[in-house]
Amino acid sequence: MKRSQLCRGLLGNATRKNVEQMALGLGEKVRSLQYFVGQSQWETEPLVALHQGLIGESLGEADAWC
């Protein structure tokens, strides 16, 4: 399983973005994608910072207290 396949699955047209549906939509083995996602080293800090920024942009207001 390659990162590009995971990205294609996440960006694909499937209505549900779970590992099983993405793997089946790509014609890949479900266990391969599960292993890739579960065993890969992920840096969480950049993702959390990006997520928080996007939430702030979409839900934040100028007069918010936090």
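Further up the page is the structure itself.
Residues numbered from 1 in each chain as written. Predicted model: local features only at pLDDT ≥ 70, side-chain atom pairs only at ≥ 80, totals over all residues. Heavy atoms only, no water.

S.K.: Quick rundown of the overall build of the protein? Include the residues and the values.
M.R.: For the protein, the helix and strand inventory stands at four helices and zero strands. Overall, the protein is about 50 × 25 × 15 Å in size when its C-alpha atoms are taken along their principal axes. Looking at the 66 residues of the protein, the share that counts as buried comes to 11%. Within the protein, residue pairs in contact and separated by at least 24 positions form 32% of the contacts whose partners lie at least 6 positions apart. Within the protein, one finds 7 positive and 7 negative side-chain charges whose respective centroids are separated by 19 Å. (Helix = DSSP H or I, 4+ residues; strand = E, 2+ residues; numbered from the N terminus. Buried < 20%, exposed > 50% of the residue type's maximum accessible area, 1.4 Å probe, protein only. Contact = heavy atoms within 4.5 Å. Lys, Arg positive; Asp, Glu negative; His and termini not counted. Charge placed at Lys NZ, Arg CZ, Asp CG, Glu CD.)

S.K.: Tell me what's going on with the nonpolar core, and back it up with residues and numbers.
M.R.: Considering soluble globular proteins, one finds that nonpolar side chains tend to be buried as a cluster. Counting five residues, the largest nonpolar core is built from Leu-6, Met-22, Ala-23, Leu-33 and Phe-36. Those elements that provide at least two residues to this core are helix H2 (19-26) and helix H3 (30-39). (Core = buried A, V, L, I, M, F, W, Y, C linked by side-chain atoms within 4.5 Å.)

S.K.: Describe helix H1 (residues 3-11), and please don't skip the residues or the numbers.
M.R.: Of the residues making up H1, those classed as buried are Gln-5, Leu-6 and Gly-9. Buried residues in H1, looked at end-on, bunch into an arc of 100°, giving them a common side. Away from its buried face, by an angle of more than 90 degrees, H1 presents the exposed residues Arg-3 and Leu-11. Elements in contact with the buried residues of H1: H2 and H3. (Arc of directions from axis to C-beta.)

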